[in-house]
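# A closer look at the structure
Here is what each chain is made of, one letter per residue.
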Amino acid sequence: MKDPGAAIRNAIFLACNGAVLHQGQPVPIYDGTADVSAPDQYIVLGSQTCNQNGDKQTFITYNTIIVHVVTRFALADPGNTLFADNIANQITQIVNPDPVTQLSLAPDFQLVVTNVEGSDSRRYSDARYRYVEKAIRFQLIVNQL
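Described below are features of the structure shown in this document. Small disclaimer: the values here were computed from a predicted structure and weren't measured.

## Quick look at the overall build of the protein chain
Scanning the protein chain from N- to C-terminus turns up 2 helices and 7 strands. Its helices and strands in sequence order give the protein chain the pattern α-β-β-β-β-β-α-β-β, from N to C terminus. Relative to a compact globule of 145 residues, whose C-alpha radius of gyration would be 15 Å, the protein chain shows 16 Å and is just as compact. Overall size of the protein chain, expressed as C-alpha extent along the three principal axes, is 60 × 25 × 25 Å. Evaluated residue by residue, the protein chain yields a buried proportion of 39% over its 145 residues. Contacts in the protein chain between residues far apart in sequence, at least 24 positions, make up 61% of those at least 6 positions apart. For the protein chain, the accessible area works out to roughly 7800 Å², and carbon and sulfur atoms hold 51% of it.

Printed below as a string of structure tokens:
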């Protein structure tokens, strides 16, 4: 059995890269951590899980990935969830646009089903900025080809 984790991350990265916009500008996407020069709005591909479900002939896995939308504001600005919600909605429409359309995980895997398991928002701040973050959890059922 192969681990579909890298294929899932790559498919989401490629599908969202340049396609998610904030105020007409592409929102950058990072794998794991954002770089220090990240703008005030960015996307981070977060943690993943993979569990095999099936017999030795089918290699079906149930996978999850958390996609984080981070928006940053000056400390004097109270911030809002609108920017993060808008970016998260675009991501959801790209990763899970309808019940039939699935991202391509070729050549090694086939994405059978994508579900949005839920999302969560949180606010926090550091010495320089106030942040609003939205995390979207996707479940992906994958078949190894």
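That shown, we press on.
## Here we look at the side chain of K134
Looking at the element boundaries, K134 is found in strand β7 (residues 129-144). Residue K134 is classed as buried on the basis of its relative accessible area, which comes to 14%. Looking at K134, its side chain comes within polar contact range of the side chain of D85, at 2.8 Å. Aside from chain neighbours lying at most four places away, what touches K134 is V67, H68, V69, A84, D85, A88, S119, D120 and S121.

## Observations concerning unusual backbone geometry
Geometrically, the link from A106 to P107 is a cis peptide bond, its omega value of 15 degrees lying close to zero. For Q23, which is not glycine, the phi dihedral falls at a positive 50 degrees. By the secondary structure assignment, Q23 is in the loop between β1 (21-22) and β2 (25-26). Residue Q23 is classed as exposed on the basis of its relative accessible area of 65%.

## A short note on the pattern of salt bridges
A complete count under the given rule lists 6 salt bridges for this structure. A salt bridge links D31 to R9, with the shortest nitrogen-to-oxygen separation between them at 2.4 Å. One end of the pair, D31, is in strand β3 (residues 29-31); the other, R9, is in helix α1 (residues 5-16), and 22 residues separate them in sequence. Measuring nitrogen to oxygen at the nearest pair gives 3.4 Å for the salt bridge that ties E133 to R122. Of the two residues, E133 is situated in strand β7 and R122 in strand β6 (residues 109-125); the sequence distance between them amounts to 11 residues. By relative accessible area, R122 is classed as partly exposed at 46%.

## Quick word on the packing of aromatic side chains
Tallied over the entire structure, the rule returns 4 aromatic pairs. Judged by centre distance (5.9 Å) and plane angle (85 degrees), the ring pair of Y30 and Y42 falls under edge-to-face. Here Y30 is found in strand β3, whereas its partner Y42 is found in strand β4 (residues 41-52), with 12 residues between them in sequence. For the pair Y129 and Y131, a centre-to-centre distance of 6.3 Å together with 65 degrees between the ring planes defines the contact as edge-to-face.

## Overview of the pairing of β6
Of the pairings in the sheet, the one linking β6 to β7 comprises 15 bridges and is antiparallel in character. Following the sheet pairing, R123 is matched in β7 by V132. If you look at the hairpin formed by β6 and β7, you'll find 3 residues sitting between the two strands.

Calculation rules
- Residues numbered from 1 in each chain as written.
- Predicted model: local features only at pLDDT ≥ 70, side-chain atom pairs only at ≥ 80, totals over all residues.
- Heavy atoms only, no water.
- Helix = DSSP H or I, 4+ residues; strand = E, 2+ residues; numbered from the N terminus.
- Rg over C-alpha atoms; globule rule 2.2 N^0.38 Å.
- Buried < 20%, exposed > 50% of the residue type's maximum accessible area, 1.4 Å probe, protein only.
- Contact = heavy atoms within 4.5 Å.
- Areas by Shrake-Rupley, 256 points an atom, 1.4 Å probe, with all protein chains shown as cover.
- Polar contact = N/O pair within 3.5 Å; in protein donor to acceptor, adjacent residues only side chain to side chain.
- Salt bridge = Lys/Arg side-chain N within 4 Å of Asp/Glu carboxyl O.
- Phe/Tyr/Trp six-rings, centres within 6.5 Å; stacked < 30°, edge-to-face > 60°.
- Pairing = 2+ DSSP bridges.

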